[in-house]
Amino acid sequence: MRILDITVALSSLALFAAAAPAPFGKNQLPDGMPSPSPDQVKLIEQAAHGTLPNGPPPPVISSEGIVNLKLIAFNELFEVAFFNELITNITNKVEGYDIDEEEDHVKVLDALKAILAQEELHALRANDALEHFKVNKIQPCEYTFPISDFKSAIALAATFTDVVLGTLQDVVERFALGRDVDLAREIASVIGQEGEQQGWFRASQGKIPSELPFLTTSDLNFAFTAIQDFVVPGSCPNINEIPLRTFEGLKILSTPGPQDQNITVQFNDPDHEADHSLWLTYINQQNLPIVEPLRFVSRNGKEVQAEALFPFEENEMNGLTIAAVTKSSGPFTDASSVAQWTLAGPGLIIVN
Ligand SMILES: *[C@@H]1O[C@H](CO)[C@@H](O)[C@H](O)[C@H]1NC(C)=O
Ligand SMILES: *[C@@H]1O[C@H](CO)[C@@H](O)[C@H](O)[C@H]1NC(C)=O
């Protein structure tokens, strides 16, 4: 009898363990994401201070429009994981995340909890639209963030939000080209929303809230590559269904300030492209891309270090600059043509 009891107890323990949530790191998404129940959606909406749009998605969509939705879902799921982990760190007063004043602690958490829920709704809206068009939803990956304190977390949030603000411009243009009229309007509402977040991230860093008169533009492929920096390799169930390019990584080794200077960059060059001429091309604001010759410095295996001018003064290069090592000197008319010729990138620079 006793032995049997123990066996029963053990097997129910095993059952319990199997039903318990996956260990931290495996599924980092809260609130039932990416597939919350209707009740969970209600709670997310309350936390987000608003609802999912209640009109249906349009009856048809262009093929480029589908790519837009996939990239948006891929990005928003990453943001949900990031803000959830940041809130957890602050709530638990993890070392580096202890905000001195109790009043600030509450204010910061209030702001971040709304942002988290709002990003959850953005992700749901994009994935729901994919489902509506009979396309597989984008599944979350495992994520890892190269930061361990509050200040760096906000600086990172400001950096990826800047990339998003540039990329959503490309999304709207692609929707416009595909005549996806209703979706273009909805994205315009999200761009403003992300801009409000960005004003707060910037003010939290002691910067002026509004970054530039015309925000720096980007390209879907740059965002797709940049997000993968935070993804555990091999952990994305269906990243292969996103038909975008992943470029070689590019690191800006010397963070430039608001003056002309030479900067050193490092990038992967497995095919020895650096044996030929390469350029460092900069995208800033709504201006034509700036092309500077890249001077080879050294090679270590497939890693190349090189140097180029960062021509701040002539171009007033405040805010986000997207740098890319290009195989052509252009001249480029826009961010998409830079992406077409990109070997490595995006390198992300934010001045002021
Ligand atoms: C949360 O804290 C851990 C431990 O310091 C850190 O590794 C992780 O990157 C932090 N995450 C965020 C989003 O700040
Ligand atoms: C950048 O380096 C080049 C080549 O070494 C040099 O001619 C130029 O003066 C440098 N520019 C600045 C702003 O330091």
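Everything numeric here is computed off the predicted structure, so don't read it as measured data.

Cut-offs and rules
Residues numbered from 1 in each chain as written. Chains lettered and ligands numbered in written order. Predicted model: local features only at pLDDT ≥ 70, side-chain atom pairs only at ≥ 80, totals over all residues. Heavy atoms only, no water. Near = heavy atom within 4 Å. Polar contact = N/O pair within 3.5 Å; in protein donor to acceptor, adjacent residues only side chain to side chain. Areas by Shrake-Rupley, 256 points an atom, 1.4 Å probe, with all protein chains shown as cover. Nonpolar A, V, L, I, M, F, W, Y, C, P; charged D, E, K, R; others polar. Domains from an automatic or database assignment. Contact = heavy atoms within 4.5 Å. Buried area = accessible area lost by both parts, 1.4 Å probe. Salt bridge = Lys/Arg side-chain N within 4 Å of Asp/Glu carboxyl O. Helix = DSSP H or I, 4+ residues; strand = E, 2+ residues; numbered from the N terminus. Buried < 20%, exposed > 50% of the residue type's maximum accessible area, 1.4 Å probe, protein only. Axes fitted to C-alpha atoms, helices over the stretch in contact; angles between N-to-C directions. Parallel < 35°, antiparallel > 145°, perpendicular 65-115°, else oblique. Left-handed = near helix turned anticlockwise from the far one by under 90°. 1 Å grid on protein atoms, 1.4 Å probe; cavity = no way out; pocket = protein on both sides within 12 Å on 5 of 7 lines; lining within 4 Å. Points joined across faces, edges and corners; volume = space filled by probe spheres on them. Pairing = 2+ DSSP bridges. Phe/Tyr/Trp six-rings, centres within 6.5 Å; stacked < 30°, edge-to-face > 60°.

## Some points on the site of ligand 2
Okay, step 1: Every residue near ligand 2 is listed here: Gln261, Asn262, Arg295 and Leu309.
Okay, step 2: One nitrogen or oxygen atom from the side chain of Asn262 is found 2.3 Å from an oxygen atom belonging to ligand 2.
Okay, step 3: Arg295 is positioned with one of its side-chain polar atoms (N or O) 3.1 Å from an oxygen atom of ligand 2.
Okay, step 4: Protein contacts shield 37% of the accessible area of ligand 2, which totals 360 Å² for the unbound molecule.
Okay, step 5: Taken together, the residues that form the shell around ligand 2 break down as 1 nonpolar, 2 polar and 1 charged.

## Here's the deal with the domain arrangement of the protein
Okay, step 1: According to the domain assignment, the protein contains domain 1 (19-241) and domain 2 (250-351).
Okay, step 2: Placing a centre on the C-alpha atoms of domain 1 and another on those of domain 2 gives a separation of 27 Å.
Okay, step 3: Taken together, the 19 residues of domain 1 in the interface contact 18 residues of domain 2.
Okay, step 4: It is Thr216, Thr217 and Phe222 in domain 1 that bury the most area against domain 2; as a group they hold 38% of the surface buried on that side.
Okay, step 5: Our count for the domain 1 to domain 2 interface comes out at 0 salt bridges.
Okay, step 6: There are 7 residue pairs in polar contact (both at pLDDT 80 or more) connecting domain 1 and domain 2.
Okay, step 7: Put simply, the parts of the chain that give the side of domain 1 that touches domain 2 at least two residues each are α5 (150-177) and α7 (220-227).
Okay, step 8: Ranked by residues supplied to the side of domain 1 that touches domain 2, first place goes to α5 with 6 residues.
Okay, step 9: Classifying every residue of the side of domain 1 that touches domain 2 by side-chain character gives 8 nonpolar, 6 polar and 5 charged.

## Some points on unusual backbone geometry
Okay, step 1: Met33 connects to Pro34 through a cis peptide bond whose omega is 5°.
Okay, step 2: Here Pro34 shows up in the loop between α1 (2-19) and α2 (38-48).
Okay, step 3: One non-glycine residue with positive phi stands out, namely Asp31, at about 55°.
Okay, step 4: Inspection of the secondary structure puts Asp31 in the loop between α1 and α2.
Okay, step 5: Taking the relative accessible area as the measure of exposure, Asp31 reaches 37% and is therefore partly exposed.
Okay, step 6: Within the chain, Asn352 stands out as a residue other than glycine whose phi angle is a positive 60°.
Okay, step 7: Residue Asn352 is classed as partly exposed on the basis of its relative accessible area, which comes to 47%.

## Details of the environment of Gln40
Okay, step 1: Mapped onto the secondary structure, Gln40 falls in helix α2.
Okay, step 2: Given the relative accessible area of 29%, Gln40 is considered partly exposed.
Okay, step 3: Beyond its immediate chain neighbours, meaning those up to four positions away, Gln40 contacts Asp31 and Gly32.

## Brief notes about the packing of helix α3 (residues 63-91) against α7
Okay, step 1: Interhelical geometry of α3 versus α7 gives an angle of 30° and a closest axis separation of 11 Å. Classified by the angle between their axes, α3 and α7 sit roughly parallel to one another. Judged by the sense of rotation from one axis to the other, the crossing of α3 with α7 is left-handed. Side by side, α3 and α7 meet where Val67, Asn68, Leu71, Phe74, Asn75 and Phe78 of the first sit next to Leu220, Ala223, Phe224 and Ile227 of the second.

## Let's talk about the layout of surface pockets
Okay, step 1: As a volume, the largest pocket reaches approximately 1200 Å³.
Okay, step 2: At the level of elements, α3, α5, α6 (181-204), α7, β1 (250-252), β2 (261-268) and β8 (342-351) are the ones that each hand at least two residues to the lining of the largest pocket.
Okay, step 3: For the lining of the largest pocket, the element with the most residues is α5, which contributes 9 residues.
Okay, step 4: Per-class residue counts for the lining of the largest pocket are 26 nonpolar, 16 polar and 8 charged.
Okay, step 5: Each of domain 1 (19-241) and domain 2 (250-351) contributes no fewer than three residues to the lining of the largest pocket.

## Quick word on the sheet that holds strand β4 (residues 290-293)
Okay, step 1: Ordered by their spatial adjacency, 4 strands build an open sheet running β4-β3-β7-β8, and the pairing between neighbours is antiparallel. At either end of the open sheet lies a strand with only one pairing partner, and these are β4 and β8. Direction aside, the axes of adjacent strands within the sheet are offset by 25° on average.
Okay, step 2: Pairing of strand β7 (residues 319-326) with β8, which is carried by 7 bridges, proceeds in the antiparallel orientation. Pairing of Gly319 across the sheet is with Val351, part of β8.
Okay, step 3: Sheet contacts for α5: β7 and β8; angle to β8, the most-contacted strand, approximately 120°.

## Remarks on the packing of aromatic side chains
Okay, step 1: Considering all chains together, one arrives at 14 aromatic pairs under this definition.
Okay, step 2: On the numbers, 6.1 Å between centres and 45° between planes, the contact of Phe78 with Phe145 is tilted. One end of the pair, Phe78, is in helix α3; the other, Phe145, is in the loop between α4 (102-132) and α5, with 67 residues separating them in the sequence. Neither residue differs from the other here; Phe78 and Phe145 are each classed as buried.
Okay, step 3: For the pair Phe78 and Phe230, a centre-to-centre distance of 5.1 Å together with 5° between the ring planes defines the contact as stacked. Of this pair, Phe78 sits in helix α3 while Phe230 is found in the loop between α7 and β1, placing the two residues 152 residues apart along the sequence.
Okay, step 4: Looking at Phe78, the relative accessible area reads 1%, which means it is buried.
Okay, step 5: Taken together, the aromatic side chains of Phe78, Phe82, Phe83, Tyr143, Phe145, Phe160, Trp200, Phe201 and Phe230 make up a single cluster linked through ring pairs.

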